[in-house]
Amino acid sequence: MSSSVLNKKATKGGQQQSVRKETTKQYRQLLIMSKTGAWEYFPATGTVDCNDIYFSMLGRDINEYRLNLNEAWTNLLHPEDRPEAMRKFSEYLENPTGMYECEFRMLHADGKWVWIYSRGGLLKADDGIVSIIGTHVDITEQKQAQEEIQRERILLRTLIDNLPDTIYVKDAEGRKIIANRADVAAIGAKCEADVIGKTDLELFPNSSGLRGYKDDMEVLRTGEALLGREEFLNNEKGEQFWLSTSKVPVYDEHGKISRILGLGHNITERKRAEEALNNLNKELAAQSEELKILNSQLLLQQEQELEKAIAQGKFEIASEVLHDIGNALVGFGSYLTRINRVAESNNLESVRNLSAFLKAQQTAIGNAIGADKAAALVSITEGIAKSQGDNQKEMSTAIAELLNIVSHIQEILNIQRQSVRSHGASQERKQVNLGGIIDDCRSMLFASFDKKGVKFNVNVKPGNYVIKGDHTKLMQVMLNVIKNSLEAIDMESENKFISVSMESTSGYILLKIADNGQGFDKKTSEHFFERGFTTKKKGTGLGLYNCRSIVESHAGSFDINSNGPGLGAVTTIKFALQDA
């Protein structure tokens, strides 16, 4: 071979080497600019080489590890990541096909752990040397962001799974892709996996499923939300329940509807209560008409019986009839009061608390699921709270009207009692046990005590409490006094009580009714027994006047005292003991 040919080859080889050096220089500069660590492993010798950035991203100087590069990687690996990282690299050495990829943590000089994404592949050089080259990229920020997103997802999922309402998400085909525990339970499935990917047509193979599927398609087509629709459903087990359903469209970044967010509030108990109330209203309406007819008949009958009683001097008959009717009406009123209390004990407050919580956390929820979804969730819960509040108000109004009817009938009976009382002077007296009257009053007013949280205490000392008198009139006195005490008590007070004590001494019976109510001043007490005087908005001014008249007609005395406003009151009644 001539020297000219050799010179040409040498020149060409030098040019190629110069190009390789320039290319290598450019690659190294690119790695520096991208802050990427580079490494090269030589299987034949088991040695490692790497660039400065490999260590600088860990806050370290490569010169500290020049003599021990082979062990630097394994020593700086996180103990929990070391076995898996070494296993993957060993497997790639045994079968170096494709790309080697691995994520692990390495120890920074300041003691923190840095997440590294390592990627490499097999390299065969022109000189036959085989090595594996790769890069190290700091992905700590990406991992932290992923962990934060995961935490938020866990928090959000925990929230929706522990809410009593059904919450679900459907795709653009109406198939469920998320279902919380309440939704799974309402469907009658065992777990979320049993409902994922299914439409309402598959979950409810009946008219309910068809209606739900049509609603989904309408929301997807029009983009208009469906809010607070009450619907009757049957799950796979055949169980029937009512839901207040809301469905809201969810838009993607291109403005296209991609999801449906749904929420269902179980209103089965409310519906049952409404049905029971409607039936009760119908029954009460019928009974009200019957009571009106009965009242007309009673008025006529009472007039006839009173005329006969006046002639015969036996008004006790009329009193006992009115007493029995009055007792029945009191029991009926107590029943209505219990219904009202049941109606007021629904979960309205918990729904309002849920609405307030979601509204307060709207920003945080919006960061997790999107502002539109969060706003829709808040809007749905607020609508449910308002709807349930309106229904409760309507129920309370109906019951209040019924109680007014009962009160009106009682007023008519009181008028009849007044008529009987006016002729009581000639009435034959019978033996009356005052202790029994107190027990009867406690039974009749038990519901009122329980509702208002008033403690009713009775202390009757051993003795004789039988006198001759009018049982109905004496019952009226006790009921009137105890009701006055009940109305005088501040319902916001923590300690509310009414106490009745009775003792028999030589010559008379002493009865006291004490309360911790509003009390009164001396000037007001001077007018209590004036006919027509009252401190109540709807009072007649006949209560205390009549009470004193009745007691005095039984050879007794009646008085009421107070130490001042806010200090309660004590009613004292004395009856002279009479020969049997």
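Residues numbered from 1 in each chain as written. Predicted model: local features only at pLDDT ≥ 70, side-chain atom pairs only at ≥ 80, totals over all residues. Heavy atoms only, no water.

Participant: Would you mind going over the packing of aromatic side chains with me for this structure?
Facilitator: The geometry of an aromatic ring pair comes down to the distance between the two centres and the angle between the two planes. Enumeration over the complete set of coordinates arrives at 10 aromatic pairs. Pairing phenylalanine 89 with tyrosine 100 gives two aromatic rings, centres 5.4 Å apart and planes at 80°, and the pair type is edge-to-face. Taken as a pair, phenylalanine 89 in helix H4 (residues 82-94) and tyrosine 100 in strand E3 (residues 100-107) lie far apart in primary sequence, 11 residues in all. Take phenylalanine 89 and tyrosine 100: they sit in the same class, and that class is buried. In this structure an aromatic cluster arises from ring pairing among Trp39, Tyr41, Trp73, Phe89, Tyr92, Tyr100 and Phe104. A cation over a ring is seen here: lysine 143 above tryptophan 115, with NZ or CZ 4.3 Å from the ring centre. The residue whose ring lies beneath lysine 574 is tyrosine 508, and the NZ or CZ to ring-centre distance is 5.1 Å. (Phe/Tyr/Trp six-rings, centres within 6.5 Å; stacked < 30°, edge-to-face > 60°. Helix = DSSP H or I, 4+ residues; strand = E, 2+ residues; numbered from the N terminus. Buried < 20%, exposed > 50% of the residue type's maximum accessible area, 1.4 Å probe, protein only. Lys NZ or Arg CZ within 6 Å of the ring centre and 35° of its normal.)

Participant: Please clarify how the nonpolar core should be interpreted in this entry.
Facilitator: Grouped together as the largest cluster of nonpolar side chains are 39 residues, with contacts concentrated most on Leu434 and Phe558. Listed by contribution, the elements that provide at least two residues to this core are helix H14 (434-444), helix H16 (471-488), strand E14 (497-505), strand E15 (508-515), helix H18 (543-553), strand E16 (556-561) and strand E17 (569-576). Per-element accounting of this core gives the leading share, 8 residues, to H16. Core analysis: the next-biggest nonpolar cluster, separate from the first, contains 25 residues, Trp39, Leu69, Leu76 and Ala85 among them. (Core = buried A, V, L, I, M, F, W, Y, C linked by side-chain atoms within 4.5 Å.)

Participant: What am I meant to see in the environment of glycine 453 here?
Facilitator: By secondary structure assignment, the location of glycine 453 is in the loop between helix H15 (446-452) and strand E12 (455-460). Each C-alpha atom of the pair glycine 453 and methionine 491 lies 8.1 Å from the other, and the pair is 38 residues apart in sequence.

Participant: Explanation requested: H16 in the structure shown.
Facilitator: Residue pairs three or four apart in sequence face the same way in an α-helix, which turns once every 3.6 residues. Relative to the 26 Å expected for 18 residues at 1.5 Å per residue, H16 spans 26 Å between its end C-alpha atoms, a close match to the ideal helical length. Here H16 lies mainly inside the structure; 14 of its 18 residues are buried. Between a side-chain oxygen at the N-terminus of H16 and the backbone nitrogen of threonine 472 the separation is 3.0 Å; the capping residue is aspartate 470. (Expected span 1.5 Å × (residues − 1). Polar contact = N/O pair within 3.5 Å; in protein donor to acceptor, adjacent residues only side chain to side chain.)

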